[in-house]
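So you can see what is in the structure, the chains are spelled out below.
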Amino acid sequence: MKNGPGSGIFVRTVRAAGRALPAVPLAVGRRIRRATHAHGAGESGLSKLIELHAVHSMGDALITLALASTIFFSVPTDEARGRVALYLAVTMAPFILLAPVIGPLLDRLPHGRRAAMAGALLARGALALVIASVVVSGGLELYPAALGVMVCSKAYNIVRAAVVPRLQPQRVSLVKANARITLTGLIAAGAAAPLGLGLNAIGERWPLYGACVLTVMGAFLSFRLPGQVDLARGERKVHLAELAEARAVLASSKEDGGRGGVLRSVDSPVFKALLANASLRALSGFLLFFLAFLLRNEPLSGLTAAFSLGLVAVAAGTGNALGNLMGNWIRDRAPELILLVVLILGLSVTVTAAASYLTVTVVAVCATAGICQALGKLSLDAMIQRDVPEVVRTSAFARSETTLQMAWVGGGAIGILLPLNGTLGMTVAACLVALGTLTTLRGLLSATRRGSPHPRVR
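Here the structure is a predicted model, which is why all the values come from computation and not from measurement.

When helices and strands are counted, the protein chain shows 16 helices and 0 strands. Relative to its full complement of 458 residues, the protein chain shows a buried share of 50%. By sequence separation, contacts in the protein chain at least 24 residues apart represent 85% of the contacts at least 6 residues apart. For the protein chain, the exposed area adds up to about 20,700 Å²; of that, 67% sits on carbon and sulfur atoms.

Here you go:
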C-alpha cells in the first residue's frame, strides 16, 4: 500500500519537530551559561559556584515542598500550631553547635572546602531518604531528620559564602557577587517547584527521592570548583599559624584584639549590620507564621483563605527576588548605606500597615520584608567577606547564620503565640523593625560617613 501525500507531510513534520525540540533546551542552556559567566565570572571560577548553588537550591526546594505538606497544610489549625512550634524548637537546637563547633572546624580545614561542601550535600541527600521513609506517617523521626537537613544546608552555605572572595571577578563587587549567586538559587528553586509538584503527584516520597539525586549531582559539581577555593600547601602553613594566633588572642582578650571579634564588638559596623539583619529576619519569621494562621481563619477582605495565603506568599517571594535583582543591578554602594535604606523602608511600610490594616498594606509589608531581607543579607555577607580575616571568616559566617536563625525562630514563636488580630500583628511587625533601626542607626550612619577603611578583599 502506497503512502499518500499526507503521510509524507506528516513524516517531515515529525522529523522537523524532532530536530527543533533539542534546540530549545540547548538555547536556554546557552543563555544561562552566558548569564553565569558574565563580567569575568567564567574566568574567575565564580560561574561554577553559581551553578553549584543552583543545584543545591533545587534540592532544598524539593525537600521544603515535602515537609510543608506534612507539617502544616495536612492538619487542622490548632494541631498545626503545635507541630510548627515543635518544628521551631527542634530547628533551633543544632545552631547552638553551628557557631562554636562547625565554624571553627571548617576554619581548620580550608584545604578541604570543596570536600566539605560535597560532604554536606551528600549528608543532606541521605537525610532526605530518611525523611522519605516517615513522611507519609508523619512520625517524630521526621523532626530530627529535618533538623539534620537544615544543619547540612547551613554548613554548605557558610563554606560557600566564605570562598566567594577567592572567586570574585575584578569587575564585580562583593554585594553583586552574592546577589548573583542568591538570585540564581531563587530561579533554580522556582524552576524546581513544578518538578516537585509533578513528583508529589506520583507520591509524597518522590520529591525527596528527587532531592537525593540532586545532592549527588551537587557533590560532583563541588569538585569542579577551581583549585584556588582550597588553600595551597604554602598557604596552609600561613593559615594555620594565623589561626593559632587568632585563637590565642581570642582566648586571652575580652576585646578579641580586633582579630575575628568584629561580630561581638558593639562598635563594629559588622556587629551593627548583624543586629539590623536579625530584626529583619525576625520580621520574616513572624510574618510567615502569624499570617499563615491568621489568614486561614480570617482571610483578606473579599478573598478566600487559599487565595489570601497565596497572595502574601507570592508577594514575599517576589520581594525577595526583587531584592536580589536590585543587589545585582545596584552600583557599588557601601553595604552600610544599603542597610540604612532597607531599615527605613521596612519601618515606614510596617508602621503604615499597623495604622491601616488593609489588603494592600499587608501585601506591601510582605513584599517589602522580602526586599529588605534580601538586600540586608547581601550587605551583611559583603561586610563579613570584606572586614573579617580569612582565618576566622568561616567561623564568622557560622556565628552570623546562628544569630539570624535564632532571630527567625524568635519571630516565628511570637507569630505562633500572638492572638490572631491583624492590626496587632502589624504593630508587632513595626516594633521588630523599629528595634533593629534604633539599635543600629547611629553606628551605620557613622560607618557610612567614614567609608570602609578596609581594602577590597581578594
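That covers the picture; the talk isn't over yet.
Our focus in this paragraph is the packing of helix H11 (residues 269–297) against helix H13 (residues 335–355). At a minimum axis distance of 11 Å, the contact between H11 and H13 shows a crossing angle of 30°. Classified by the interaxial angle, the pair formed by H11 and H13 is roughly parallel. For the pair H11 and H13, the sense of crossing is left-handed. Contacts between H11 and H13 involve Pro269, Ala273, Ala276, Asn277, Ser279, Leu280 and Leu283 on the former and, on the latter, Glu336, Leu339, Val342, Leu343 and Thr350.

A grouping of Leu129, Ile202, Trp206 and Tyr209 is seen on the molecular surface, where their side chains present a nonpolar patch of about 400 Å² in accessible area. On the secondary structure map, Tyr209 appears in helix H9 (residues 206–222). Judged by its relative accessible area of 33%, Tyr209 falls in the partly exposed class.

Next up on the list: helix H7 (residues 142–167). With 26 residues, H7 should cover 38 Å at 1.5 Å per step; its first-to-last C-alpha distance of 37 Å lies within 8% of that length. For H7, a buried count of 24 out of 26 residues is recorded, marking the element as mostly surrounded by other parts of the structure.

Overall, the predicted model of the protein chain reaches an average pLDDT of 78, with 71% of residues at or above 70. When the criterion is pLDDT under 50, residues 453–458 qualifies, and its contacts beyond four places in sequence or with other chains add up to 16 contacts.

With that settled, the discussion passes to the nonpolar core. General note: in soluble globular proteins, nonpolar side chains tend to be found buried as a group. Counting 98 residues, the largest nonpolar core has Leu49, Leu287 and Leu291 as its most contacted members. In contact with Leu287, not counting residues within four places along its chain, are Ala292, Val365, Ala369, Met426 and Ala429. Phe289, Trp408, Val409 and Ile416 belong to the second largest nonpolar core, which has 5 residues in total.

Throughout the structure, instances matching the rule amount to 3 aromatic pairs. Each ring, one from Trp206 and one from Tyr209, has its centre 5.4 Å from the other, and the planes form 85°; the classification is edge-to-face. With Trp206 and Tyr209 both in helix H9 and 3 residues apart, this pair spans about one turn of that helix. Arranged with centres 5.5 Å apart and planes meeting at 65°, the rings of Phe289 and Trp408 form a pair that is edge-to-face. With Phe289 in helix H11 and Trp408 in helix H15 (residues 393–417), this residue pair connects regions lying 119 residues apart in the sequence. Judged by its relative accessible area of 9%, Phe289 is buried.

Turning our attention to the pattern of salt bridges. Evaluation of the coordinates by the stated rule reveals 6 salt bridges. When salt bridges with common partners are traced through the structure, they connect Lys154, Lys377, Asp381 and Glu401 into a single cluster.

Two elements in contact, H7 and helix H8 (residues 174–202), have axes whose closest approach is 11 Å; the angle formed by their N-to-C orientations is 135°. Taken together, the axes of H7 and H8 are oblique relative to one another. Remark: the crossing between H7 and H8 carries right-handed chirality. Between H7, through Arg160, Val164 and Pro165, and H8, the contact on the second element is made entirely by Leu174, Ala177, Asn178 and Ile181.

As for its placement among the helices and strands, Arg296 is situated in helix H11. Its relative accessible area of 23% is what places Arg296 among the partly exposed residues. Separated by 10 residues in sequence, Arg296 and Ala306 place their C-alpha atoms 7.4 Å apart.

All right, on to the environment of Ala128 then. Topologically, Ala128 is positioned in helix H6 (residues 113–134). Sequence separation of Ala128 and Ala145 is 17 residues, and the distance between their C-alpha atoms is 7.7 Å.

Relative to the helices and strands, Thr350 is located in helix H13. Overall, Thr350 belongs to the buried group, its relative accessible area being 2%. Every residue in contact with Thr350, bar those within four places of it in the chain, is listed here: Leu283, Val365, Met426, Ala429, Ala430 and Val433.

Scoring rules and cut-offs
Residues numbered from 1 in each chain as written. Predicted model: local features only at pLDDT ≥ 70, side-chain atom pairs only at ≥ 80, totals over all residues. Heavy atoms only, no water. Helix = DSSP H or I, 4+ residues; strand = E, 2+ residues; numbered from the N terminus. Buried < 20%, exposed > 50% of the residue type's maximum accessible area, 1.4 Å probe, protein only. Contact = heavy atoms within 4.5 Å. Areas by Shrake-Rupley, 256 points an atom, 1.4 Å probe, with all protein chains shown as cover. Axes fitted to C-alpha atoms, helices over the stretch in contact; angles between N-to-C directions. Parallel < 35°, antiparallel > 145°, perpendicular 65-115°, else oblique. Left-handed = near helix turned anticlockwise from the far one by under 90°. Patch = residues over 30% accessible without salt bridge, like charges linked within 9 Å, V, L, I, M, F, W, Y side chains within 5 Å. Salt bridge = Lys/Arg side-chain N within 4 Å of Asp/Glu carboxyl O. Expected span 1.5 Å × (residues − 1). pLDDT = per-residue confidence, 0-100. Core = buried A, V, L, I, M, F, W, Y, C linked by side-chain atoms within 4.5 Å. Phe/Tyr/Trp six-rings, centres within 6.5 Å; stacked < 30°, edge-to-face > 60°.

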